[in-house]
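# Per-entry structural report
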Amino acid sequence: MAAYLVIEEEEEEEAAHRRRRKRKREDVDWWVRSTSEQQQWIDGLSSPILEGVEYERFFRVTKAQFHEILDVIKDDITKENTSMREPICPKRKLACFMNYLATGETLTSIASIFDVEESSMPLIIRDVSHALIYRLRPTYGRLLKSDAYIIESERRFRERYGWPGVYGVIDGMHVRINHENAHILCNKQGYASLACLCISDSDLRCPYYRIGDPGSVHETTMWQNSDLYEALQSAECPAPIMMNDFNAEQFPYYLLGDSAFPLSEYIVTGFDNREGASINAGYNVKHAAIIQDCVERMIGGIKQRWRVLMDTVYLKRLDRVCEVVECCILLHNFLIEKETPLPTAVWEDILNESRGQDELSMQARATYHFDASSSRQKGIRHRQRLVDISSSSTKE
């Protein structure tokens, strides 16, 4: 009799426990609901749970933009059916990848949200990133190879800032990684990273990028090893030879850069203390303002939009990290083209990190040997013209 009462009491406790769990499941978030409900949302991606702002926060794109991207790469990421099981549908693959870029969550978390095997996540990242790079790079990457784009970019800079000849602003970006050779990839901030050389136009696009250098490599070295620098040297790129008429004076096309880069005919920098920074304070203020308003704001917008770049990227293969970074830049250019505004989150931490590198960049530049005296003289003349323009506009 006592044993029967004990069993009956245990059964009542189990029933009460099941009722409590049932009530709890009714209040949980959508991604831990029943498999059937989750499957229905994943297959349709049209649940009212994610609409408007919530959808954009989860994928960083609107629903129409998501399907536009899907239509572009659908054929590249579709797998054939086998006798073992059905492949993962392209829509779910793209959803996994976009959520990974937008949130930076672990592969385990994303796999559980979208009901895929954790072991499939690296393959999804590989397939989708390859497809995006293959389809989007011709349209949204390496835009500086077009003469028309350089001319239009210079016109926009001149109208917005009043300086002729500038077609872009150049700076470096670091992506934190977790790698076994951290001592080789360690940057001057003390953590392992991959460096990315970026150029921004006045509309915050990234028309040129170079990805894959170790974080220990200086920005000047990345610039001199880039294919854009080689094109400028061999006159394949129109930037050093195409001219623009401004107040009856001819200006060549060039970039603006901070103290990490050497002054040359291709990049115009600010004045340091050795070159009379106090005398040309007005020029330095405007020069720094343009850099912060363009390239640093672009880098901050990319990292705020694609949160995977905000923290450590936990991918074992460095080429996968480079592909993820390139996808972030291409998708950023895609959204800028669609006039999608940048995230409203504050990106002052990124700006402060960039400003904190100024002193280290000055020291590195003082010890770095750059044998291009004629190029530097041309850069000095370009900069002096901008100083004269700034002085005349200030007097007016």
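Residues numbered from 1 in each chain as written. Predicted model: local features only at pLDDT ≥ 70, side-chain atom pairs only at ≥ 80, totals over all residues. Heavy atoms only, no water.

## Quick notes on the state of the cysteines
What counts here: By definition, disulfides here are pairs of cysteine sulfur atoms that lie within 2.5 Å.
Under the counting rule described, the total for this entry stands at zero disulfides. No disulfide involves Cys196; its sulfur sits 3.4 Å from the nearest other cysteine sulfur, which is in Cys198. We note that Cys327 lacks a disulfide partner, and the nearest cysteine sulfur, in Cys328, lies 7.1 Å from it.

## Description of the nonpolar core
For soluble globular proteins, the rule of thumb is that nonpolar side chains tend to be buried together. Keep this limit in mind: For our purposes a nonpolar core is just a set of buried Ala, Val, Leu, Ile, Met, Phe, Trp, Tyr and Cys residues, chained together by side-chain atoms within 4.5 Å. The cut-offs for exposure are 20% and 50% of the maximum accessible area for each residue type, with area from a 1.4 Å probe on protein chains only; residues under the lower value are buried, those over the upper are exposed, and the others partly exposed. Only runs of H or I of at least four residues qualify as helices and only runs of E of at least two qualify as strands under DSSP, and these elements are numbered from the N terminus. Residue contacts are counted whenever heavy atoms from the two residues lie within 4.5 Å of one another.
By size, the foremost hydrophobic cluster in this structure holds 80 residues, and its most contacted members are Met98, Tyr100, Leu101, Leu132 and Leu256. The dominant element in this core, judged by the number of residues it contributes, is helix α13 (residues 318-337), at eleven residues. If near-sequence neighbours (up to four positions away) are discounted, Leu101 is found in contact with Trp306, Arg307, Val308, Val324, Cys328 and Leu331. In terms of nonpolar packing, the next biggest core, distinct from the first, is built from 21 residues, Ala195, Tyr208, Tyr229 and Ala260 among them.

## With respect to unusual backbone geometry
With a phi angle near 55°, Arg142 is a residue other than glycine that sits in the positive phi range. Among the structural elements, Arg142 can be located in the loop between α7 (121-140) and α8 (147-161). Phi angles above zero are rare outside glycine, and Leu204 is one such case at about 70°. Along the chain, Leu204 turns up in the loop between β2 (193-200) and β3 (208-214).

## Some thoughts on the sheet that holds β3
Note: strands within a sheet are paired through backbone hydrogen bonds, in either parallel or antiparallel orientation. As a reminder, the rule being used: Paired strands are those between which DSSP finds at least two bridges. Each axis is a line fitted through C-alpha atoms, taken for helices only over the stretch in contact, and angles between the N-to-C directions span 0 to 180 degrees.
Taken together, five strands build an open sheet; the order of strands is β3-β2-β1-β6-β7 and the sheet is mixed. The sheet terminates laterally at β3 and β7 (267-268), the two strands that pair on one side only. The sheet contact formed by strand β6 (residues 254-257) and β7 spans two bridges and is parallel. The partner of Leu256 across the bridge, within β7, is Val268. Those strands touched by α13 are β1 (166-176), β2 and β3, and its axis lies near 160° from that of β3.

## Brief notes about the packing of aromatic side chains
Counted only if it meets this: For Phe, Tyr and Trp, where Trp contributes only its six-membered ring, two rings pair if their centres lie within 6.5 Å, and the inter-plane angle classes them as stacked under 30 degrees, edge-to-face over 60, or tilted in between.
In this structure the tally under the stated criterion is nine aromatic pairs. Here Phe58 and Phe114 contribute two aromatic rings whose centre-to-centre distance is 6.1 Å and whose plane-to-plane angle is 50°, an arrangement assigned as tilted. Of this pair, Phe58 sits in helix α3 (residues 53-59) while Phe114 sits in the loop between α6 (107-113) and α7, and the two are 56 residues apart along the sequence. Its relative accessible area of 12% is what places Phe58 among the buried residues. Looking at Phe114, the relative accessible area reads 0%, which means it is buried.

## Quick word on helix α5 (residues 90-103)
Worth spelling out the cut-off: Multiplying 1.5 Å by the helix residue count minus one yields the expected span of that helix.
For α5, with 14 residues, the first-to-last C-alpha span of 20 Å sits near the 20 Å given by 1.5 Å per residue. Within α5, twelve of the 14 residues are buried, which leaves it mostly tucked inside the rest of the structure. Considered for burial, the residues of α5 that qualify are Pro90, Arg92, Lys93, Leu94, Ala95, Cys96, Phe97, Met98, Asn99, Tyr100, Leu101 and Ala102. Backbone geometry just downstream of α5 places Gly104 in the positive-phi region, at approximately 70°.

## Points about the confidence of the model for the chain
To keep it simple, the criterion reads: pLDDT runs from 0 to 100 and stands for how confident the predictor is about each residue.
In the predicted model, the chain carries a mean pLDDT of 78, and the fraction of residues at 70 or more is 70%. In the predicted structure, residues 28-38 sits below a pLDDT of 50 and forms 14 contacts with residues beyond four places in sequence or in another chain. Throughout residues 345-372 the model reports pLDDT below 50, and contacts reaching past four residues in sequence, or to other chains, amount to 48 contacts.

## Details of the side chain of His174
The test is simple: Any pair of N or O atoms that falls within 3.5 Å is considered a polar contact. Within protein, one atom must be able to donate a hydrogen and the other to accept it, and sequence-neighbouring residues count only if both atoms are side-chain atoms.
Within the secondary structure, His174 sits in strand β1. Classification of His174 as buried rests on a relative accessible area of 9%. Within the structure, His174 has its side chain in polar contact with the side chain of Ser193 (distance 3.0 Å).

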